[in-house]
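Each chain is listed here by its residues.
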Amino acid sequence: MTLSDLPAGRVAVVGAGPAGTTLALGLLHAGWSVTLVSDRTAEEIRDGRVMSSQVTFESALEVEAALGVTALLPTAPGLARLSYDLRRADGSTSAAFSTDLAGPARSVDLRVKVPAVLDEVARLGGKVVVLQAEVADVEELASTHDLVVVSTGRGGLGELFDVDEERTTYGVPQRRAVLTYLRGVTPDPAGPGLRYHAVEGVGECFTCPALTLDGACDVVVLEAVPGGPFDRFEDVTDDALHLARLREVLEEHVPGEAARMRGAVLVDDRSTLRGAFPPLVRRPVGLLPSGRPVLGMADVVVLNDPVTSQGSNTALKSASFYLEAITHHRDTHAGADFDAAWMERTFDSFWQGWARFVTRWTTSWLEGPQAHQVALLAGAADRPDLAAGIAAGFDDARLFEPWWFDAEAATALLAPGPRSDPRRFDARDLRQALGQYATGVTVVTAEHEGQRVAMTANSFTSVSLDPPLVLWAAARSAPSLAGFEVAERFAVNVLAADQHHLSRQFAISGVDKFDAVPLTGEAPPVLAGAVATFVCRRTDRIEAGDHVVFLAEIESYDAPGGEPLVFHSGAYRVATKHPDL
């Protein structure tokens with residue numbers, strides 16, 4: 001099949017990596033006609049060289065399950081724990097901890113995953129075109145499709161998207177990555193997990209069990225500071241020398257891992273990879289020579305160093321964000337173009353709701369730990385809640401705001417204080433149990449003397465119709481609480497299904513929560529696009545454990561309706577009507 005054989009009225013995805021294939025699969029399930037352009041056949045990918053470590057954490061695995069990827073794959077070993085240690089260059093340890101992950105992570109060789117999804121796209125009727133796409137090919141696709149999404153920078157396609165200088169910290173590589181797939185690694189006695197080692201000024205090493213083409217294996221990733229003691233692979237030209245050099249480097253700097261690998265061998269003759277690239281953020285809209293816009297996705301527009309194991313997670317999250325935006329645009333603006341303004345909004349939703357937090361956190365690791373971050377890592381050894389919080393951040397980097405970046409917030413977090421009675425409920429388990437109660441999601445906003453405050457809350461509920469009373473609860477630790485304590489009025493904005501990025505944005509501390517958010521009212525701020533909004537006057541305040549409950553009387557309201565955002569069991573859900581029986 002050639003590009004000229006394809007009819008119009010479809011979405012084209014250029015690039016068949018994890019993001020591109022997942023988006024294509026999701027679009028097909030949502031009823032779209034899809035063209036997926038891959039530079040290799042499924043068989044060529046299976047027979048090719050390893051591509052990444054692709055550690056995928058819980059929330060990204062939920063995306064794979066929801067979009068049908070998980071059902072296509074064999075079961076990979078579950079990574080149940082995260083162990084971490086920070087070492088000085090002299091070999092002494094300055095911080096170390098180990099903790100359970102809230103949900104198991106997994107690593108599946110992309111030579112297994114990508115061909116499986118590629119084959120499924122073809123089976124479902126997607127048009128898979130094998131082509132080393134260049135700008136002229138994308139131009140042809142844009143002339144025959146409603147939307148073109150570019151998820152590969154090869155063939156000069158990355159140059160369609162200008163570097164965003166304001167969001168890009170580095171213009172040159174900060175690490176040289178060395179990837180190795182091994183069989184015969186001695187298992188971790190604590191159980192399968194992600195083992196992470198950082199050596200100050202030298203680099204990082206992380207290892208984990210994984211699934212490759214013919215079964216279980218272990219993945220080893222070495223992240224070398226350029227010019228440092230880890231950076232000793234420039235003269236490596238074959239796999240045997242690669243493995244020998246890896247053993248030497250680990251023996252000198254991470255001897256525990258070297259001991260585990262003494263009897264290990266390479267999985268196959270395509271089990272190694274070496275390379276470096278500058279971490280970049282690019283602008284999301286690329287203009288073709290004809291002037292037609294195309295939308296960049298995943299690594300094309302947000303390329304982070306693999307030091308924090310976020311590549312697979314960011315790719316899958318971008319596919320999920322884009323799929324929702326594309327389908328919502330079809331369902332609510334039938335016949336409208338996917339123009340450059342829509343593309344900007346779509347990427348901005350992804351950036352504001354997810355990618356900026358991953359980028360900020362990854363950049364902080366490249367810079368090396370600050371004094372307060374070392375204190376946090378050291379404190380995690382004696383604070384199970386802190387260790388669990390750091391581990392949770394690998395799944396969702398938004399959770400690091402603000403305490404990972406702000407020394408004052410870190411000090412407050414580390415300060416001694418009352419803890420929950422360990423003989424009572426496990427806090428994580430209790431939170432999961434309470435999460436079985438499905439709720440809507442609101443953003444509560446207020447303004448006092450020109451200062452706006454806001455927070456996400458799912459505790460909102462109606463109390464009385466006569467008089468019209470409502471309530472909601474705020475955590476006593478919330479930085480925005482002080483603003484609500486002095487504001488006499490507030491607005492409760494019930495979010496729509498396509499506003500989950502606002503739920504995330506207003507749940508994070510230490511950022512401008514109102515950045516790029518359209519408003520329809522100012523005092524208190526009222527969010528545009530909500531399915532309902534209630535402007536209220538506070539009537540009472542009640543202290544209740546670790547929360548403060550606010551009761552208020554409704555002064556005015558607006559309820560245009562629509563599909564609401566639903567939250568259940570730690571994830572956003574879609575509400576559907578129950579069939580009449």
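Residues numbered from 1 in each chain as written. Predicted model: local features only at pLDDT ≥ 70, side-chain atom pairs only at ≥ 80, totals over all residues. Heavy atoms only, no water.

Enquirer: Help me understand the overall build of the protein in this model?
Expert: A tally of helices and strands in the protein yields 15 helices and 29 strands. For the protein, the C-alpha radius of gyration of 25 Å lies close to 25 Å, the compact-globule estimate for 581 residues. Projected onto the principal axes, the alpha-carbon positions of the protein cover approximately 80 × 65 × 50 Å. In the protein, buried positions account for 52% of the 581 residues. As displayed, the protein has an accessible area near 25,200 Å², and 53% of this comes from carbon and sulfur atoms. Separation of charge centres in the protein, based on 50 positive and 77 negative side chains, amounts to 4 Å. (Helix = DSSP H or I, 4+ residues; strand = E, 2+ residues; numbered from the N terminus. Rg over C-alpha atoms; globule rule 2.2 N^0.38 Å. Buried < 20%, exposed > 50% of the residue type's maximum accessible area, 1.4 Å probe, protein only. Areas by Shrake-Rupley, 256 points an atom, 1.4 Å probe, with all protein chains shown as cover. Lys, Arg positive; Asp, Glu negative; His and termini not counted. Charge placed at Lys NZ, Arg CZ, Asp CG, Glu CD.)

Enquirer: Can you help me understand the sheet that holds strand β26 (residues 532-544) in this one?
Expert: Hydrogen bonds along the backbone pair up the strands of a sheet, which may run parallel or antiparallel. Across the sheet, seven strands lie side by side as β20-β19-β23-β26-β27-β22-β21; this open sheet has antiparallel pairing. The strands lining the two open edges of the sheet, one partner per strand, are β20 (451-457) and β21 (461-465). Between one strand and the next, the sheet's axes are offset by a mean angle of 30°, whatever the strand orientation. Sheet analysis places strand β19 (residues 442-448) next to strand β23 (residues 489-494), joined by five bridges and oriented antiparallel. In the sheet register, Val 444 faces β23, and the bridge partner there is Val 492. (Pairing = 2+ DSSP bridges. Axes fitted to C-alpha atoms, helices over the stretch in contact; angles between N-to-C directions.)

Enquirer: Would you mind showing me how to read the nonpolar core here?
Expert: The nonpolar side chains of soluble globular proteins are, as a tendency, buried together. Residues Leu 23, Leu 27, Val 148, Tyr 322, Ile 390 and Trp 404 are the most contacted members of the largest nonpolar core, which totals 112 residues. Of the residues forming this core, the biggest block, twelve residues, is contributed by helix α9 (residues 340-367). With near-sequence residues (within four places) excluded, Ile 390 lies in contact with Phe 97, Leu 376, Leu 377, Ala 380, Phe 400 and Trp 403. Membership of the second largest hydrophobic core comes to 24 residues, among which are Ala 446, Met 455, Val 470 and Phe 534. (Core = buried A, V, L, I, M, F, W, Y, C linked by side-chain atoms within 4.5 Å. Contact = heavy atoms within 4.5 Å.)

Enquirer: Is there a simple way to think about the packing of aromatic side chains in this case?
Expert: Geometry of an aromatic ring pair is reported as the spacing of the ring centres plus the angle between the planes. All told, the structure shown has 27 aromatic pairs when counted by the stated rule. The interplanar angle of 75° and the centroid separation of 4.8 Å between the aromatic rings of Phe 338 and Trp 342 together place this pair among those described as edge-to-face. The pair formed by Phe 338 and Trp 342 is uniform in burial state, with each residue classed as buried. Between Phe 400 and Trp 403, the aromatic rings sit 5.4 Å apart at their centres with planes inclined by 50°, giving tilted as the arrangement. (Phe/Tyr/Trp six-rings, centres within 6.5 Å; stacked < 30°, edge-to-face > 60°.)

Enquirer: Looking at this structure, how should I read unusual backbone geometry?
Expert: Across residues other than glycine, the phi torsion is negative in most instances, and most of the peptide bonds are trans. Residue Pro 402 follows Glu 401 across a cis peptide bond; omega there is -10°. Here Asp 466 and Pro 467 are connected by a cis peptide whose omega angle stands at 0°. Mapped onto the elements, Pro 467 comes out in the loop between β21 and β22 (468-475). A positive phi is found at Gln 54, a non-glycine position, where the angle reads about 40°. Looking at the secondary structure, you find Gln 54 in the loop between α2 (42-46) and β3 (55-56). Accessibility expressed as a relative area gives 4% for Gln 54, which makes it buried. In this structure, Glu 449 is a non-glycine residue whose phi angle is positive, near 50°. If you trace the backbone, Glu 449 turns up in the loop between β19 and β20. Under the relative-accessibility criterion, Glu 449 is labelled exposed at 74%.

Enquirer: Can you walk me through the sheet that holds strand β1 (residues 11-14) in this structure?
Expert: Spatially, six strands are ordered β6-β2-β1-β7-β16-β15 in an open sheet, and the strand pairing comes out mixed. Both edges of this open sheet fall to β6 (127-130) and β15 (285-287), since each of them pairs with a single strand only. Taken pair by pair, the neighbouring strands of this sheet meet at an average axis angle of 25°, ignoring direction. Direction of pairing for β15 relative to strand β16 (residues 293-296): antiparallel, over a ladder of three bridges. Paired with Leu 287 across the two strands is Pro 293, which belongs to β16.

Enquirer: Would you explain empty space enclosed by the protein in this entry?
Expert: The method is simple in principle: a probe with the dimensions of a water molecule rolls over the atoms, and the space it marks as empty is what remains. Evaluated as defined, the whole model comprises one cavity of 30 Å³ or more. Within this model, the largest cavity holds a volume of roughly 80 Å³. Surrounding the largest cavity, Arg 167, Thr 168, Thr 169, Tyr 170, Pro 279, Leu 280, Val 281, Leu 303, Asn 304, Thr 359 and Thr 363 form its lining. Mapped onto the lining of the largest cavity, the elements with two or more residues apiece are β14 (280-281) and α9. Residue composition of the lining of the largest cavity, grouped by class: five nonpolar, five polar and one charged. (1 Å grid on protein atoms, 1.4 Å probe; cavity = no way out; pocket = protein on both sides within 12 Å on 5 of 7 lines; lining within 4 Å. Points joined across faces, edges and corners; volume = space filled by probe spheres on them. Nonpolar A, V, L, I, M, F, W, Y, C, P; charged D, E, K, R; others polar.)

Enquirer: Honestly, the state of the cysteines in this entry has me stumped. Any pointers?
Expert: Put plainly, two cysteines are in a disulfide when a covalent bond ties their sulfur atoms together. Tallying each qualifying case throughout the model produces zero disulfides. Between Cys 205, a cysteine without a disulfide, and Cys 208, which holds the nearest cysteine sulfur, the sulfur-to-sulfur distance is 11 Å. The buried category is assigned to Cys 205, whose relative accessible area is 1%. (Disulfide = S-S within 2.5 Å.)

Enquirer: I keep staring at helix α6 (residues 239-253) and nothing clicks. Help me out?
Expert: An α-helical turn contains 3.6 residues, so any two residues separated by three or four positions project in the same direction. With 15 residues, α6 should reach 21 Å at 1.5 Å per residue; the first-to-last C-alpha distance of 21 Å fits that figure. Those residues of α6 that fall on the buried side of the exposure criterion are Asp 239, His 242, Leu 243, Arg 245, Leu 246, Val 249, Leu 250 and His 253. For α6, the buried positions fall inside an angular range of 165° around the axis, keeping them on one side. Those residues of α6 that are exposed and aimed more than 90 degrees away from the buried face are Ala 240 and Glu 252. Structurally, the start of α6 carries an N-cap: the backbone nitrogen of Ala 240 is 3.1 Å from a side-chain oxygen of Asp 238. (Expected span 1.5 Å × (residues − 1). Arc of directions from axis to C-beta. Polar contact = N/O pair within 3.5 Å; in protein donor to acceptor, adjacent residues only side chain to side chain.)

Enquirer: It is not clear to me how the pairing of strand β27 (residues 547-558) should be interpreted in this structure. Could you clarify?
Expert: Each regular strand displays side chains that alternate between the two surfaces of the sheet. For β22 and β27, the ladder comprises seven bridges, and the chain directions are antiparallel. Within β27, the position partnered with Leu 469 by the bridge is Glu 553. Where β26 meets β27, eleven bridges bridge the pair, whose relative direction is antiparallel. Its bridge partner lying in β27, Ala 544 is registered against His 547. Remark: two residues form the turn of the hairpin made by β26 and β27, two consecutive strands paired antiparallel; Gly 545 in that turn has positive phi of roughly 60°.

Enquirer: Just checking my understanding: could you explain the packing of helix α8 (residues 311-332) against α9 for this structure?
Expert: When two helices pack together, you describe them by how their axes are tilted relative to each other and by the distance separating the axes. The interhelical angle for the contact between α8 and α9, taken along N-to-C directions, is 150°, at an axis separation of 10 Å. As far as their axial angle goes, α9 and α8 are roughly antiparallel. As for how α8 packs across α9, the hand of that crossing is right-handed. The residues of α9 that touch α8, namely those facing Thr 314, Lys 317, Ser 318, Phe 321, Tyr 322, Ala 325, Ile 326 and His 329, are Trp 342, Thr 346, Phe 347, Ser 349, Phe 350, Gly 353, Trp 354 and Val 358. (Parallel < 35°, antiparallel > 145°, perpendicular 65-115°, else oblique. Left-handed = near helix turned anticlockwise from the far one by under 90°.)

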